[in-house]
Amino acid sequence: MQENKDIVKEIVEAVQDRKGKHITIIDLSKVDGASTDTFVICEGRSTSQVSAIADSIREEVQKKTSRKPYNYDGYRNSQWIVIDYGEVMVHIFLPDVREYYNIEDLWSDGKIKEIPDLD
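Bear in mind the structure is a predicted one, so any value in this text is a computation, not a measurement.

J.: What is the right way to look at the pairing of strand β4 (residues 80–84) in this model?
T.: For a regular strand, side chains alternate in direction, first toward one face of the sheet and then toward the other. Only one face of β4 is covered, namely the one carrying Ile81 and Ile83; the face carrying Trp80, Val82 and Asp84 has none of its residues buried. Pairing of strand β3 (residues 71–73) with β4 involves three bridges; the strand directions are antiparallel. Paired with Asp73 across the bridge in β4 is Val82. Linkage of β3 to β4, two consecutive antiparallel strands, is achieved through a turn of six residues, within which Gly74 is found at a positive phi near 115°. Pairing of β4 with strand β5 (residues 88–93) involves five bridges; the strand directions are antiparallel. Each residue of the ladder has a partner; that of Ile83, found in β5, is Val90. Hairpin connection from β4 to β5: three residues lie between these consecutive antiparallel strands, with Gly86 at a positive phi of about 85°.

J.: Got a minute to help me understand the pattern of salt bridges in this structure?
T.: If charged atoms from side chains of opposite charge come close, those side chains can pair. On inspection of all chains with the given rule, the structure shows ten salt bridges. Of the charged contacts, one joins Glu43 and Arg98 as a salt bridge, the two residues approaching to 3.2 Å between their closest N and O atoms. One end of the pair, Glu43, is in strand β2 (residues 38–43); the other, Arg98, is in helix α3 (residues 95–101), with 55 residues separating them in the sequence. Judged by its relative accessible area of 8%, Arg98 falls in the buried class. Glu60 is paired through a salt bridge with Lys64; the nearest N and O atoms lie 3.2 Å apart.

J.: Help me understand unusual backbone geometry, please; the structure alone is not making it clear to me.
T.: Phi is mostly negative for residues that are not glycine, and the peptide bonds are mostly trans. The phi angle at His22 is positive, at roughly 50°, despite the residue not being glycine. Its location among the elements puts His22 in strand β1 (residues 21–27). Residue classification places His22 among the partly exposed positions, given a relative accessible area of 41%. Positive phi, close to 45°, is recorded for Asn102, a residue that is not glycine. Structurally, Asn102 can be placed in the loop between α3 and α4 (103–106).

Rules used in this analysis
Residues numbered from 1 in each chain as written. Predicted model: local features only at pLDDT ≥ 70, side-chain atom pairs only at ≥ 80, totals over all residues. Heavy atoms only, no water. Buried < 20%, exposed > 50% of the residue type's maximum accessible area, 1.4 Å probe, protein only. Helix = DSSP H or I, 4+ residues; strand = E, 2+ residues; numbered from the N terminus. Pairing = 2+ DSSP bridges. Salt bridge = Lys/Arg side-chain N within 4 Å of Asp/Glu carboxyl O.

Function cannot be inferred from these measures alone, as they are strictly geometric.
Here's what the structure looks like:
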(Lines give C-alpha, C1' and ligand atoms only; values in the text may rest on other atoms or scores of the structure.)
Protein backbone atom coordinates (compact mmCIF):
# COMPACT_ATOMS: atom_id res chain seq x y z
CA MET A 1 0.00 0.00 0.00
CA GLN A 2 2.95 2.35 0.64
CA GLU A 3 3.98 1.89 -2.98
CA ASN A 4 0.54 3.19 -4.06
CA LYS A 5 0.98 6.27 -1.85
CA ASP A 6 4.41 6.92 -3.38
CA ILE A 7 3.04 6.70 -6.92
CA VAL A 8 0.05 8.90 -6.08
CA LYS A 9 2.37 11.50 -4.51
CA GLU A 10 4.53 11.58 -7.65
CA ILE A 11 1.44 11.80 -9.89
CA VAL A 12 0.05 14.76 -7.93
CA GLU A 13 3.41 16.57 -8.06
CA ALA A 14 3.70 15.95 -11.82
CA VAL A 15 0.18 17.31 -12.40
CA GLN A 16 0.92 20.40 -10.31
CA ASP A 17 4.24 20.89 -12.13
CA ARG A 18 2.30 21.24 -15.40
CA LYS A 19 -0.35 23.50 -13.80
CA GLY A 20 -3.06 20.83 -13.86
CA LYS A 21 -6.18 21.72 -11.89
CA HIS A 22 -8.92 20.16 -9.79
CA ILE A 23 -6.98 17.09 -8.65
CA THR A 24 -9.18 14.47 -7.04
CA ILE A 25 -8.04 11.20 -5.50
CA ILE A 26 -10.60 8.43 -5.08
CA ASP A 27 -9.68 5.53 -2.79
CA LEU A 28 -11.48 2.49 -4.19
CA SER A 29 -9.63 -0.12 -2.13
CA LYS A 30 -12.75 -0.97 -0.11
CA VAL A 31 -15.20 -0.81 -3.03
CA ASP A 32 -16.37 -4.22 -4.25
CA GLY A 33 -15.93 -4.71 -7.98
CA ALA A 34 -13.49 -1.82 -8.47
CA SER A 35 -10.86 -2.63 -11.07
CA THR A 36 -8.18 -0.61 -9.25
CA ASP A 37 -7.37 0.71 -5.76
CA THR A 38 -7.05 4.40 -6.61
CA PHE A 39 -8.17 6.90 -9.22
CA VAL A 40 -6.31 10.17 -9.64
CA ILE A 41 -8.38 12.60 -11.70
CA CYS A 42 -7.34 16.04 -12.93
CA GLU A 43 -7.83 18.43 -15.80
CA GLY A 44 -5.94 20.63 -18.21
CA ARG A 45 -7.25 23.69 -20.02
CA SER A 46 -6.28 22.56 -23.54
CA THR A 47 -5.46 19.36 -25.43
CA SER A 48 -1.78 20.31 -25.43
CA GLN A 49 -1.84 20.79 -21.65
CA VAL A 50 -3.64 17.46 -21.16
CA SER A 51 -0.85 15.77 -23.18
CA ALA A 52 1.87 17.64 -21.28
CA ILE A 53 0.39 16.57 -17.93
CA ALA A 54 0.25 12.94 -19.08
CA ASP A 55 3.85 13.08 -20.32
CA SER A 56 4.98 14.65 -17.05
CA ILE A 57 3.26 11.94 -15.01
CA ARG A 58 4.80 9.11 -17.02
CA GLU A 59 8.30 10.66 -16.88
CA GLU A 60 8.28 11.60 -13.19
CA VAL A 61 6.77 8.34 -11.94
CA GLN A 62 9.34 6.35 -13.91
CA LYS A 63 12.23 8.56 -12.79
CA LYS A 64 11.28 8.56 -9.09
CA THR A 65 9.71 5.10 -8.61
CA SER A 66 11.08 3.11 -11.60
CA ARG A 67 7.48 2.23 -12.53
CA LYS A 68 6.22 2.30 -16.10
CA PRO A 69 2.51 2.25 -16.84
CA TYR A 70 0.97 -1.00 -18.00
CA ASN A 71 -0.87 0.97 -20.63
CA TYR A 72 -2.08 4.44 -21.56
CA ASP A 73 -4.54 5.77 -24.10
CA GLY A 74 -6.14 8.96 -25.37
CA TYR A 75 -3.22 10.85 -26.89
CA ARG A 76 -4.88 10.84 -30.32
CA ASN A 77 -7.35 13.59 -29.36
CA SER A 78 -6.02 14.42 -25.86
CA GLN A 79 -9.46 15.21 -24.46
CA TRP A 80 -9.19 12.36 -21.94
CA ILE A 81 -5.94 10.49 -21.37
CA VAL A 82 -5.87 7.50 -19.04
CA ILE A 83 -2.67 6.03 -17.61
CA ASP A 84 -2.86 2.57 -16.02
CA TYR A 85 -0.41 1.68 -13.26
CA GLY A 86 -2.48 -1.34 -12.22
CA GLU A 87 -3.44 -0.38 -8.67
CA VAL A 88 -3.54 3.33 -9.63
CA MET A 89 -5.37 4.74 -12.65
CA VAL A 90 -4.86 8.34 -13.75
CA HIS A 91 -7.48 10.27 -15.73
CA ILE A 92 -6.52 13.62 -17.30
CA PHE A 93 -9.47 15.47 -18.82
CA LEU A 94 -10.47 18.64 -20.57
CA PRO A 95 -12.98 20.33 -18.21
CA ASP A 96 -16.09 19.74 -20.35
CA VAL A 97 -15.18 16.09 -20.98
CA ARG A 98 -14.60 15.55 -17.25
CA GLU A 99 -17.98 17.08 -16.48
CA TYR A 100 -19.67 14.88 -19.10
CA TYR A 101 -18.24 11.58 -17.79
CA ASN A 102 -18.45 12.62 -14.14
CA ILE A 103 -16.27 9.80 -12.81
CA GLU A 104 -16.39 11.20 -9.27
CA ASP A 105 -20.14 10.61 -9.20
CA LEU A 106 -19.86 7.12 -10.67
CA TRP A 107 -17.37 6.12 -7.95
CA SER A 108 -18.80 8.21 -5.10
CA ASP A 109 -18.87 5.15 -2.84
CA GLY A 110 -15.06 5.46 -2.69
CA LYS A 111 -13.29 7.85 -0.33
CA ILE A 112 -12.86 11.12 -2.23
CA LYS A 113 -10.06 13.59 -1.46
CA GLU A 114 -9.73 16.96 -3.22
CA ILE A 115 -6.23 18.43 -3.60
CA PRO A 116 -6.27 22.26 -3.55
CA ASP A 117 -4.95 24.01 -6.65
CA LEU A 118 -1.56 25.64 -6.13
CA ASP A 119 -2.66 29.00 -7.53
